[in-house]
Amino acid sequence: MAANTQTAGTDRGHAIALSISFQARIGATANAAFKALQTARMLSTLSNMNDHQLAQIGISRSDIPEYAAKLMANE
């Protein structure tokens, strides 16, 4: 029984493509989770500052979510 090397090569290429796609999805998910964690830490840190400290960096307490999002967009 002869093996079809063209089909075997195609199957292997397809398996490699699926593996790369899977790894890319895992990477994207991990990146999104890491960014969410960083954003939560940023919000917590800024929220724990007093009003004088916030004023020194040019924001008010109500600006914290927008400011954190802006900082994370520049990451």
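Residues numbered from 1 in each chain as written. Predicted model: local features only at pLDDT ≥ 70, side-chain atom pairs only at ≥ 80, totals over all residues. Heavy atoms only, no water.

**Student:** Whenever I open this one, the nonpolar core confuses me. Can you help?
**Tutor:** Side chains that are nonpolar tend, in soluble globular proteins, to be buried together. Ranked by size, the top nonpolar core spans five residues in total: Leu46, Leu54, Ile59, Ile64 and Ala68. Aside from chain neighbours lying at most four places away, what touches Ala68 is Met42, Leu43 and Leu46. (Core = buried A, V, L, I, M, F, W, Y, C linked by side-chain atoms within 4.5 Å. Buried < 20%, exposed > 50% of the residue type's maximum accessible area, 1.4 Å probe, protein only. Contact = heavy atoms within 4.5 Å.)

**Student:** Help me understand the environment of Ala36 in this model?
**Tutor:** Following the sequence through the fold, Ala36 ends up in helix α1 (residues 5-47). On the accessibility criterion, Ala36 (47% relative accessible area) is partly exposed. The spacing of Ala36 and Met72 is 36 residues in sequence and 9.4 Å in space, taken between C-alpha atoms. (Helix = DSSP H or I, 4+ residues; strand = E, 2+ residues; numbered from the N terminus.)

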